[in-house]
Amino acid sequence: MKMFYKVQLPASQPVASYVHQCKLYIQQRAGKFKFMTSEAFISLFSFEAEVADEQQLIKALRKAAAYLDTFDVSLNGFSHFPQSRTLFIKVENARTLRERNRLFHDAFLSITKDMGIDISNMTFTDHPHMTIGADFESKIYGSLYNAFVQHRYHQDFRAESALLVKYVGRGKNKVLSKAPFQKVSRHRPPFIEAPTASNEKGQMTLEFN
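Rules behind the numbers
- Residues numbered from 1 in each chain as written.
- Predicted model: local features only at pLDDT ≥ 70, side-chain atom pairs only at ≥ 80, totals over all residues.
- Heavy atoms only, no water.
- Helix = DSSP H or I, 4+ residues; strand = E, 2+ residues; numbered from the N terminus.
- Expected span 1.5 Å × (residues − 1).
- Buried < 20%, exposed > 50% of the residue type's maximum accessible area, 1.4 Å probe, protein only.
- Arc of directions from axis to C-beta.
- Contact = heavy atoms within 4.5 Å.
- Pairing = 2+ DSSP bridges.
- Axes fitted to C-alpha atoms, helices over the stretch in contact; angles between N-to-C directions.
- 1 Å grid on protein atoms, 1.4 Å probe; cavity = no way out; pocket = protein on both sides within 12 Å on 5 of 7 lines; lining within 4 Å.
- Points joined across faces, edges and corners; volume = space filled by probe spheres on them.
- Nonpolar A, V, L, I, M, F, W, Y, C, P; charged D, E, K, R; others polar.
- Salt bridge = Lys/Arg side-chain N within 4 Å of Asp/Glu carboxyl O.

Caption draft 1: Region of the structure containing helix H4 (residues 138-149). Compared with an ideal rise of 1.5 Å per residue, which puts 12 residues at 16 Å, H4 spans 17 Å between its outermost C-alpha atoms and is within 8% of the ideal. Among the residues of H4, Ile-140, Tyr-141, Leu-144 and Phe-148 are the ones counted as buried. Projection of H4 onto a plane perpendicular to its axis shows the buried side chains occupying an angular sector of 105 degrees, all on one side. Across H4 from its buried face, at more than 90 degrees, point the exposed residues Ser-138 and Lys-139. Where H4 is buried, its residues touch helix H1 (13-30), strand E3 (71-81) and strand E4 (86-91).

Next up, the structure:
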C-alpha cells in the first residue's frame, strides 16, 4: 500500500515559539483553522511510496542528508497566498534554500533509485515558506492579513536536519525520522555543491496589539 510522505525542514526553538504565538493570536480571533496544531517547518518535497519500503526510505534520506552541510535560513516578514487564504512567513534567502533543497532532492532520488525503491508523485517546493495557517473564513481573513503584513519579524536559524513525515489521515502527520546534515559522505554527490547562505543577526518581536 502506498502512503504519502513529506520531507520538512524543522524550525529552531525560538522560531517555533514565535510561530506558536502567532497561532494563538489567530485562534483567539478566528477559532479553529487549518494547520492550527502543526509544528513550525518549511516544506522541502513530498512523494508517495510503499509503506513496506519505509525503513529503506529512512536510510535513503539519511544518506542524502550526509552530502549536505548545515546552512542558514533567514525569515523576514509575512505574506500570503490569496486563493487558499494562507498566511506565511517569507524566506528571505529563498533562492539559496531552493538550491540546497534541489541538491537534497536530487540526491534522495538518486539513492532511492539505486536502492530499488518505487517513488511516485514527487512534488518539489519551488516557493519555500513557513506556513502559519490557511483556509480562513473570508470575513476574518482580511483583518488577519492586514495585522500580519504590518507586523515586522526577522529571524535567522541554522538548518541542521530534515524530517521524514508520514501522513496518517484526518489532517495528522507522524514524524518517522530525523536526517542530520553532516557532510560526512566520502563519495562525490550526484550534484554540484551550492553556496552557503550568509548569516545575519536575528530580530523578533512577540507583541500583537
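Caption draft 2: Summary view of the sheet that holds E4. With antiparallel pairing, the 4 strands of this open sheet are ordered in space as E6-E4-E3-E7. Both outer strands of the open sheet, strand E6 (129-133) and strand E7 (154-159), are each paired with one neighbouring strand and no more. When strand polarity is set aside, the average angle formed by the axes of neighbouring strands in this sheet is 35 degrees. For E4 and E6, the ladder comprises 4 bridges, and the chain directions are antiparallel. Bridge pairing in E6 places Phe-88 opposite Thr-131. Seen against the sheet, H1 touches E3, E4, E6 and E7 and runs at an angle of roughly 30 degrees to E6.

Caption draft 3: Expanded view of the environment of Pro-128. Summarising the element assignment, Pro-128 is placed in the loop between strand E5 (119-124) and E6. Residues Pro-128 and Asn-93, spaced 35 residues apart in sequence, show a C-alpha to C-alpha distance of 9.5 Å. For Pro-128, the contacting residues outside a window of four places in its chain are Ile-42, Val-91, Ala-94, Leu-97 and Arg-98.

Caption draft 4: Molecular detail of empty space enclosed by the protein. All told, the structure shown has 1 cavity of 30 Å³ or more when counted by the stated rule. In this model, the largest cavity occupies a volume close to 30 Å³. The element best represented in the lining of the largest cavity is helix H3 (residues 94-115), accounting for 4 residues. Here the lining of the largest cavity is composed, by residue class, of 7 nonpolar, 1 polar and 1 charged.

Caption draft 5: Representation of unusual backbone geometry in the model. In this structure, Arg-85 takes a positive phi of about 50 degrees despite not being glycine. Looking at the secondary structure, you find Arg-85 in the loop between E3 and E4. Backbone geometry places Asn-121, a non-glycine residue, at a positive phi of 50 degrees. Of note, Asn-121 is situated in strand E5.

Caption draft 6: Local environment of the pattern of salt bridges. Applying the stated criterion across every chain, the model contains 7 salt bridges. When the shortest N-O distance is used, the salt bridge between Asp-135 and Lys-34 registers 3.9 Å. You can see Asp-135 sitting in the loop between E6 and H4 and its partner Lys-34 sitting in the loop between H1 and strand E2 (41-50), a full 101 residues away along the chain. One salt bridge connects Arg-95 with Glu-99, and the closest N-O pair in it is separated by 3.6 Å. Pair noted here: Arg-95 and Glu-99 are both in helix H3, with a separation of 4 residues, about one helical turn.

Caption draft 7: How the structure looks around the sheet that holds E2. Ordered in space as E5-E2-E1-E8-E9, the 5 strands form an open sheet in which the pairing is antiparallel. Sheet topology places E5 and strand E9 (172-180) at the edges, where each strand pairs with a single neighbour. Here the average twist between neighbouring strands, direction ignored, is 25 degrees. Taken together, the 4 bridges between E2 and E5 define a ladder with antiparallel strand orientation.

Read these as layout, nothing more, since geometry by itself doesn't imply function.
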